[in-house]
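Summary of the model geometry
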Amino acid sequence: MVVTQENVAVNGSRRLSPQEIADVLRERIRAGELRAGDRLPTQAELADEFGVERGAVRQALRALQEDGLLTNVSKGSPPRIAEPPAPAHDEPQPTMVGLSPRLTAAFSARHVRIDAACLTAESLIPALGEPLRLIHGGVVRPERIDVRILLPSRDINLAFPVPVDGRGDDDPVHERWLAMRNAQGHVLRHNLQTLRSHGIDVDITFRALPFTPPVKLYLLNGTEALMAYYMVTRREESTDTGTLDMYDVLGTESLLFSFEKSAGQRDAAFVEESQKWFDALWETITTDLTLS
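Here's what I pulled together on the structure shown here. All values derive from a computational prediction rather than experimental measurement.

Describing the overall build of the protein
- The secondary structure content of the protein amounts to 9 helices and 13 strands.
- Against the compact-globule benchmark of 19 Å for 292 residues, the protein has a radius of gyration of 24 Å, which places it well outside the compact range.
- Taken along the three principal axes of its C-alpha coordinates, the protein extends 80 × 45 × 40 Å.
- Counting across all 292 residues of the protein, residues that qualify as buried make up 44%.
- In the protein, of all internal contacts separated by at least 6 residues, the share reaching a separation of at least 24 is 71%.

Structure follows, in structure tokens:
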């Protein structure tokens, strides 16, 4: 049996200090053994595990709270692991990094409203993983979730992705995009509809855009707008029938800019105008979209 340093400290004659207890718990959080929303054991259980008095545990927990790693330390029930801080507004991050924490924060509302205009659901699916995990784990429980998604129509000539040599009668690049759009839409719908098993009222609707969106836009609960540019690049992709040489976009790597109503008049105006733009498209020139 391998005896770790932690075991020696707990089971040996020397008692751990509050700082050492905090360091052990901090490492468990860093390693993912304790995740955002999880409850810690009670102070009595921690004191028994580490072989110390409850006072030492309380000091360790206060240190973790000061570091922003715990919430509800002073309340009667065991504290929870805190959610990671939202990215600062002056530090835009790639969509795959920045979208998930903003969606997780949005799902703490009683009525969750997500509007999105994008080329596919490629970024949304992984970004929704954490809020869905928290709901299935009983950590958060919205009463209602409304999701509206605008995606390009299958019947238009997309600006991108397109073959470098131009379209022909057979357009494998368009067929590839269409298959991705439909498959990802089905996955997104299924993942959200599973939340109905928790008694949550879930509605997800798709509509078809008559144009290729030059940016991706996410509107969260009417209070925040997230926007990223689709950067067009030339790339190749191998398929069973050959290599596709195309102009495409790498949407998950696009920098995501966040605007919040609470951040000032300029941000508030951007959020409000973005919502008006989305609503106008939804109610006028878009059409019903069936994921085939």
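On we go from here.
A few points about helix 3 (residues 43–50)
- By the burial criterion, the buried members of helix 3 are L46, A47 and F50. Buried residues of helix 3, seen end-on, are gathered within an arc of 100° and therefore sit on one face of the element.
- Remark: G51 follows helix 3 within two positions and exhibits a positive phi of approximately 65°.

A short note on the sheet that holds strand 3 (residues 93–94)
- Strand order in the open sheet formed by 8 strands is 3-12-9-8-4-5-7-13, and the pairing between neighbours is mixed. Sheet topology places strand 3 and strand 13 (287–288) at the edges, where each strand pairs with a single neighbour.
- Strands strand 5 (144–152) and strand 7 (201–209) of the sheet are contacted by helix 8 (residues 172–193), whose axis makes an angle of about 165° with strand 7.

Regarding the sheet that holds strand 11 (residues 242–249)
- Read from one edge to the other, the open sheet built from 3 strands follows the order 6-11-10, with strand pairing classed as antiparallel. At either end of the open sheet lies a strand with only one pairing partner, and these are strand 6 (162–163) and strand 10 (232–239).
- In this sheet, strand 11 lies alongside strand 10 in antiparallel orientation, the contact comprising 8 bridges. In the sheet register, S238 faces strand 11, and the bridge partner there is T243.
- Across the face of the sheet, helix 8 comes into contact with strand 6, strand 10 and strand 11 while running at roughly 65° to strand 11.

Regarding the packing of helix 5 (residues 95–106) against helix 7 (residues 129–136)
- Two numbers describe how helix 5 lies on helix 7: the axes approach to 7 Å, and their chain directions differ by 35°. Along its contact with helix 5, which presents S100, L103 and T104, the element helix 7 presents E130, P131 and L134.
- When its residues are assigned to classes, the contact of helix 5 with helix 7 shows 3 nonpolar, 2 polar and 1 charged.

As for the nonpolar core
- Membership of the largest hydrophobic core comes to 43 residues, with the highest contact counts inside it found for I145, L188 and L192.
- L192 has contacts with L128, L132, V147, V202 and I204, leaving out every residue within four places of it along the chain.
- Counting 20 residues, the second-largest nonpolar core is a separate cluster that includes L34, L46, A60 and L64.

Calculation rules
- Residues numbered from 1 in each chain as written.
- Predicted model: local features only at pLDDT ≥ 70, side-chain atom pairs only at ≥ 80, totals over all residues.
- Heavy atoms only, no water.
- Helix = DSSP H or I, 4+ residues; strand = E, 2+ residues; numbered from the N terminus.
- Rg over C-alpha atoms; globule rule 2.2 N^0.38 Å.
- Buried < 20%, exposed > 50% of the residue type's maximum accessible area, 1.4 Å probe, protein only.
- Contact = heavy atoms within 4.5 Å.
- Arc of directions from axis to C-beta.
- Pairing = 2+ DSSP bridges.
- Axes fitted to C-alpha atoms, helices over the stretch in contact; angles between N-to-C directions.
- Nonpolar A, V, L, I, M, F, W, Y, C, P; charged D, E, K, R; others polar.
- Core = buried A, V, L, I, M, F, W, Y, C linked by side-chain atoms within 4.5 Å.

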